[in-house]
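# Structure assessment
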Amino acid sequence: MEPKIPGELYDIYEKVIASERLSAEDGLRLYNTANLNAVGYMANIIRERRCGNVAWYVRNQHINYTNICNKLCRFCSFYVPPKDSRGYVLSPEDIQERVRQYLHIPITEIHMVAGINPKLPYSYYIDIVLAVKEIRPEVYVKAFTAIEWVQIARAAKKPLREVMLELKAAGVSSIPGGGAEVFSDRVQAEMFWTKADSDEWMRVARTAHEVGLPTNATMLYGHIENPDERVQHLVSLRELQDETRGFLAYIPLSFHPERTELEDLPAPTGEADLREIAVARLMLDNFPHIKSFWIMNTIEISQVALWYGADDIDGTIQEYEITRRTYEETRQVLTRKQLVERIIEAGREPAERDNLYNEVRTGPDVAENGEPVAVPGELPVLP
Ligand code: V47
């Protein structure tokens, strides 16, 4: 049966069917059309061509090692400036305590990012990675956004490549996609003028790929950026991926205005969140995975996003401080059982992955009473 693609998008549909690359102009039309369902339908064709019915999730834990940051980004509610009484730095021992807290859950990935705290010496970064690995030697450490890597190299007074190799030897296995914001000089000047620009972010990603560290990529949308800038962001990522093939996943990050300098702006709608996933899946034809990060998109939108181009909803998280309802409220968690149930409810087939998208079978979580927590579709655990 012929799908209902409106005439204005039919040429894009033909390219999708023929696996042809979409142009920047196509991307702009995908942003501007009122027919979101048609965009989602086309994105789903690519999503299912790549991953079939599978939807990935990961048992992970986030650790934010310091909230002190000298970058003063206007969109951020996480940081406090140096000398603020609420500032903290987790010691390697504090971090080990956090890791120990969830040893009963077979977590495969620890995601460790934070503010840019100029007081931290190079040895600190090595020590916190070693500290995690000492408690959970088998865990993948996904650590430090591009902006942190620039700071780490500055603290080390060494070339970026060298610190990447040293931290890789200490146990970093991949790099999260944060810090990219929007690759636009205009947006940077308004929102994050003290921070690395797009060329610098790209340099970090390229260097990581050269030393064998896969990375993710993000875009923070829904504030002052426009569709042209979003398309340019996607095209720049696609070009780098053509060169290096080092990106694993792209994660559009839905702006949360609450408690930021921009809290008068309305938050992106569900429509905007779904469109961002779908346009990304269509434009980033060389990215293996598109993630709907449930913390920012909500789990409900992420369920729908699994039909709009996303093949991953991320993980169990445990604590998350970058976006949260109140300053005190850091506990944000979905158990493996909840993730599996939500994926099944959405009509997809859940698959647990590790940091590098290998399928893993690490067994059930253990409840507080010591009983294994079975999930739908899993064989009962024998005594
Ligand atoms: O770099 C900051 C963004 C990023 C806000 O790689 C905000 O798998 C929304 O990059 N509203 C950090 N976003 C998070 C991140 C990430 C998250 C999940 C998975 C992965 C991955 C990466 O969060 C920052 C910034 O771009 N951010 N403030 C805010 N108010």
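Above this note sits the structure.
Read on for an overview of the structure. These figures come from a predicted structure and were not determined experimentally.

Before going further, it helps to spend a moment on the environment of isoleucine 343. Within the element layout of this structure, isoleucine 343 appears in helix 14 (residues 336-345). On the basis of relative accessibility, which here comes to 1%, the residue isoleucine 343 falls in the buried class. Isoleucine 343 sits 31 residues away from aspartate 312 along the chain, and the two C-alpha atoms are 9.8 Å apart.

Once that is clear, we can look at unusual backbone geometry. Among all residues save glycine, negative phi is the norm, and among peptide bonds the norm is trans. Even without a glycine there, the phi angle at serine 19 is positive, about 55°. Assignment of secondary structure puts serine 19 in the loop between helix 1 (10-17) and helix 2 (24-32). Here lysine 83, not a glycine, exhibits a phi torsion of approximately 80°, which is positive.

This brings us to the packing of helix 4 (residues 92-101) against helix 5 (residues 122-135). It is the contact of helix 4 with helix 5, at a shortest axis distance of 9 Å, that shows an interaxial angle of 30°. The orientation of helix 4 with respect to helix 5, classified from their angle, is roughly parallel. Crossing geometry of helix 4 relative to helix 5 is assigned as right-handed. Across the interface between the two elements, Pro92, Ile95, Gln96, Val99 and Arg100 of helix 4 pack against Tyr124, Asp127, Ile128, Ala131, Val132, Glu134 and Ile135 of helix 5. Looking at the contact of helix 4 with helix 5 residue by residue, the classes come out as eight nonpolar, one polar and three charged.

With that settled, consider the packing of helix 5 against helix 7 (residues 160-170). Between helix 5 and helix 7, the shortest axis-to-axis distance is 9 Å and the interhelical angle comes to 25°. It follows that helix 5 is roughly parallel to helix 7 by the angle criterion. When you trace helix 5 past helix 7, the crossing you get is right-handed. On helix 7, the residues that touch Tyr122, Tyr125, Ile126, Val129, Leu130 and Lys133 of helix 5 are Val163, Glu166, Leu167 and Ala170. Residue composition of the contact of helix 5 with helix 7, by class: eight nonpolar, no polar and two charged.

The rules we used
Residues numbered from 1 in each chain as written. Predicted model: local features only at pLDDT ≥ 70, side-chain atom pairs only at ≥ 80, totals over all residues. Heavy atoms only, no water. Helix = DSSP H or I, 4+ residues; strand = E, 2+ residues; numbered from the N terminus. Buried < 20%, exposed > 50% of the residue type's maximum accessible area, 1.4 Å probe, protein only. Axes fitted to C-alpha atoms, helices over the stretch in contact; angles between N-to-C directions. Parallel < 35°, antiparallel > 145°, perpendicular 65-115°, else oblique. Left-handed = near helix turned anticlockwise from the far one by under 90°. Contact = heavy atoms within 4.5 Å. Nonpolar A, V, L, I, M, F, W, Y, C, P; charged D, E, K, R; others polar.

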